[in-house]
Amino acid sequence: MLQKGRAETLGEFAALLSPRAGIQIEGLAQCSQYIAQKHYGKTIRLFAPLYLSNECINTCQYCGFSRNNPIPRVTLPVETVFQETQLLAQQGFRSLLLVSGEHPKYVANGYVEECVRECLKVMPSINLELAPMETEPYIPLVKAGSEMLVVYQETYHQPTYQKMHIAGPKKNYKWRMDTMERGYKADFRRLGIGVLLGLYDWRYEAISLAAHAQYLLKHCWRSQISISLPRLRPAAGAFQPEQQYGVSDRAFVQLICALRMFLPHISVVLSTREAPELRNALVPLGITHMSAGASTEPGGYSSYNTETWKQTKNQPGEQFHIADERPPIEVANMIRSLGYEPVWKDFDQSLATEESVSKK
Ligand code: SF4
């Protein structure tokens, strides 16, 4: 595969993940870099997560928001969501991911829809990472202007999935798996899937994730597909991941390069869960989107110093603690220093209007 510079089948993708291919990591990196530049140019899109709520009815062993964890719980009033959005807009962001724990109380009452409309006043691109829903409740969210739906399967290994999700609706593996197709029917322009690396064997997860992406490319072809590969971070609760499933930096790089060689058109997202040095090194290697300056606590940005973009107090209600604490401007400068262009605005609603006109 290194000779032809790409993987054409799932079997070839699996071979790129093998220990044998791992020995040739420099070759993989070169192929990945070439493909990424060919399809995306020398650009990295920046976005920020904005946590709406840390209330959750699920018990997921690995998550700080898990319902039994004694953390302060809050669902932000819409006005606070808008204020936080303004703070992020002042930092340069034009693309936002609204994130929430899974709680039925704000699914049906129009809360998220209102948040989307408010955020769009100062932020042109709004994406959503929410509890899986039926198609019907997604429709008003798309109509309100949100463009992307993100739901990670967390692990594709069903026995591990059952072990990790011990209470709440998230126990239903298949319901979660089918979410993207329900979102597609509601007309989300982009669909985001992912695994939480560290729960099970990373090669198994990677092959399953790639197969899922392939399926979506075929069946949800009007939407862009995006992949995230978060690695486990320390969080509230007593969860200790099994050591054997840890993913080294080297394996992580191998996985990103292999994905780029197998699925050249998909977006690959890198979060602030990774340390600054690794994030810097990954810029040229095939990722397309990066979060920056992130808080994982609802309302967390309000306590940031707006000059330095540092936390001024602890964030006891955060989902996990990030590893890259650099302010957004510093991340953008790092990207520029590597010869890449940081792109703040991923998409503009006016383009969506043009797209929908041309589809008719
Ligand atoms: S992973 Fe999601 S569903 Fe599970 S506890 Fe955390 S916020 Fe709730």
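Residues numbered from 1 in each chain as written. Predicted model: local features only at pLDDT ≥ 70, side-chain atom pairs only at ≥ 80, totals over all residues. Heavy atoms only, no water.

A.B. asks: Please explain the overall build of the chain as it appears in this structure.
C.D. replies: The helix and strand tally for the chain stands at 14 helices and eleven strands. Relative to the 2.2 N^0.38 estimate, which gives 21 Å for 360 residues, the radius of gyration of the chain is 19 Å and therefore close to what a compact globule would have. With respect to the three principal axes, the spread of C-alpha positions in the chain is 55 × 45 × 45 Å. Classification of the 360 residues of the chain by burial places 58% in the buried group. Residue pairs at least 24 apart in sequence account for 73% of intrachain contacts in the chain once pairs closer than 6 positions are excluded. Accessible area of the chain: about 15,100 Å², with a carbon and sulfur share of 53%. In the chain, 38 side chains carry a positive charge and 35 a negative one; their mean positions are 4 Å apart. (Helix = DSSP H or I, 4+ residues; strand = E, 2+ residues; numbered from the N terminus. Rg over C-alpha atoms; globule rule 2.2 N^0.38 Å. Buried < 20%, exposed > 50% of the residue type's maximum accessible area, 1.4 Å probe, protein only. Contact = heavy atoms within 4.5 Å. Areas by Shrake-Rupley, 256 points an atom, 1.4 Å probe, with all protein chains shown as cover. Lys, Arg positive; Asp, Glu negative; His and termini not counted. Charge placed at Lys NZ, Arg CZ, Asp CG, Glu CD.)

A.B. asks: Honestly, the site of the ligand in this entry has me stumped. Any pointers?
C.D. replies: All residues in the neighbourhood of the ligand are listed as Cys 56, Asn 58, Cys 60, Tyr 62, Cys 63, Phe 65, Ser 66, Gly 101, Glu 102, Lys 170 and Gln 319. Classifying every residue of the shell around the ligand gives five nonpolar, four polar and two charged. (Near = heavy atom within 4 Å. Nonpolar A, V, L, I, M, F, W, Y, C, P; charged D, E, K, R; others polar.)

A.B. asks: Teacher, can you tell me more about the packing of aromatic side chains here?
C.D. replies: Each aromatic ring pair is characterised by the separation of its centres together with the angle its planes make. Throughout the structure, instances matching the rule amount to ten aromatic pairs. Considering the side-chain rings of Tyr 51 and Phe 65, the 5.8 Å spacing of their centres and the 85° angle between planes classify their relative orientation as edge-to-face. In this pair, Tyr 51 sits in strand β1 (residues 43-53) while Phe 65 sits in the loop between β2 (59-60) and α4 (78-90), placing the two residues 14 residues apart along the sequence. Comparing Tyr 51 with Phe 65, the two get one shared label, buried. Plain terms: the ring middles of Tyr 301 and Tyr 304 are 5.5 Å apart, the flat faces sit at 65° to each other, and that makes the pair edge-to-face. (Phe/Tyr/Trp six-rings, centres within 6.5 Å; stacked < 30°, edge-to-face > 60°.)

A.B. asks: Looking at this structure, how should I read the confidence of the model for the chain?
C.D. replies: Parts of the prediction with low pLDDT should not have their coordinates interpreted in detail. Looking at the chain, the pLDDT average stands at 92 and 94% of residues meet or exceed 70. Note on residues 354-360: pLDDT under 50 across the span, and three contacts to partners over four residues away in sequence or across chains. (pLDDT = per-residue confidence, 0-100.)

A.B. asks: Would you mind showing me how to read the pattern of salt bridges here?
C.D. replies: Side chains bearing opposite charge may pair, as long as their charged atoms lie close to each other. Applying the stated criterion across every chain yields a total of 17 salt bridges. A salt bridge links Arg 231 to Asp 249; the shortest N-O distance between them is 2.7 Å. In this pair, Arg 231 is assigned in the loop between β8 (224-228) and α11 (249-262) and Asp 249 in helix α11, connecting sequence segments 18 residues apart. For Arg 231, a relative accessible area of 12% corresponds to the buried category. Bridged by salt links that share partners, the residues Lys 4, Arg 6, Glu 8 and Glu 12 form one connected network. (Salt bridge = Lys/Arg side-chain N within 4 Å of Asp/Glu carboxyl O.)

A.B. asks: Is there a simple way to explain the side chain of Thr 272 in this structure?
C.D. replies: With respect to the secondary-structure elements, Thr 272 resides in the loop between β9 (267-270) and α12 (276-282). On the basis of relative accessible area, Thr 272 is assigned to the buried category, the value being 3%. Excluding its chain neighbours within four sequence positions, the residues that come into contact with Thr 272 are Arg 279, Ser 291, Ala 292, Gly 293, Ala 294, Ile 322, Ala 323 and Asp 324.

A.B. asks: Any chance you could explain the environment of Leu 52 here in plain terms?
C.D. replies: Secondary-structure assignment places Leu 52 in strand β1. Between the C-alpha atoms of Leu 52 and Thr 306, which are 254 residues apart in sequence, the distance is 20 Å. In contact with Leu 52, other than residues within four places in its own chain, are Val 74, Thr 75, Leu 76, Val 81, Leu 98, Val 99, Ser 100, Tyr 111, Cys 115 and Pro 298.

A.B. asks: Is there a simple way to explain α11 in this structure?
C.D. replies: Side chains that are three or four residues apart share a direction in an α-helix, a result of its 3.6 residues per turn. Along its 14 residues, α11 runs 20 Å from first to last C-alpha, staying within 8% of the 20 Å computed at 1.5 Å per residue. In terms of burial, α11 is largely enclosed, as twelve of its 14 residues are buried. The set of residues buried in α11 consists of Ala 251, Phe 252, Val 253, Gln 254, Leu 255, Ile 256, Cys 257, Ala 258, Leu 259, Arg 260, Met 261 and Phe 262. (Expected span 1.5 Å × (residues − 1).)

A.B. asks: Just to check I follow, could you spell out the side chain of Ser 208 for this structure?
C.D. replies: Structurally, Ser 208 can be placed in helix α10 (residues 202-219). In this structure the side chain of Ser 208 is engaged in a polar contact, spanning 2.8 Å, whose partner is the backbone oxygen of Tyr 204. (Polar contact = N/O pair within 3.5 Å; in protein donor to acceptor, adjacent residues only side chain to side chain.)

A.B. asks: What is the right way to read unusual backbone geometry from this model?
C.D. replies: It is generally the case that most residues other than glycine have a negative phi and that most peptide bonds are trans. Although it is not a glycine, Glu 154 adopts a positive phi angle of roughly 75°. Note on Glu 154: relative accessible area 9%, which makes it buried.

A.B. asks: When you look at the nonpolar core in this model, what are you seeing that I'm missing?
C.D. replies: In summary, soluble globular proteins display a tendency toward joint burial of nonpolar side chains. One finds Phe 13, Leu 98, Leu 229 and Met 290 to be the most contacted residues of the largest nonpolar core, which totals 111 residues. For this core, the element with the highest residue contribution is α11, accounting for ten residues. Discounting chain neighbours no more than four positions away, the residues touching Met 290 are Ile 44, Arg 45, Leu 46, Phe 47, Leu 270, Arg 279, Val 283, Val 331, Met 334 and Ile 335. (Core = buried A, V, L, I, M, F, W, Y, C linked by side-chain atoms within 4.5 Å.)

A.B. asks: What am I meant to see in the pairing of strand β4 (residues 125-129) here?
C.D. replies: Working note: regular strand, side chains alternate between the two faces of the sheet. With respect to burial, β4 is a largely interior element, five of its five residues being buried. Side chains of β4 alternate between two faces, with Ser 125, Asn 127 and Glu 129 and Ile 126 and Leu 128 buried alike. Relative to β4, strand β3 (residues 95-100) runs parallel, the two being bridged by five bridges. Across the sheet, Val 99 pairs through a bridge with Glu 129, a residue of β4. Across two bridges, the pairing between β4 and strand β5 (residues 148-150) is parallel. Note on β5: the bridge partner recorded for Asn 127 is Met 148. (Pairing = 2+ DSSP bridges.)

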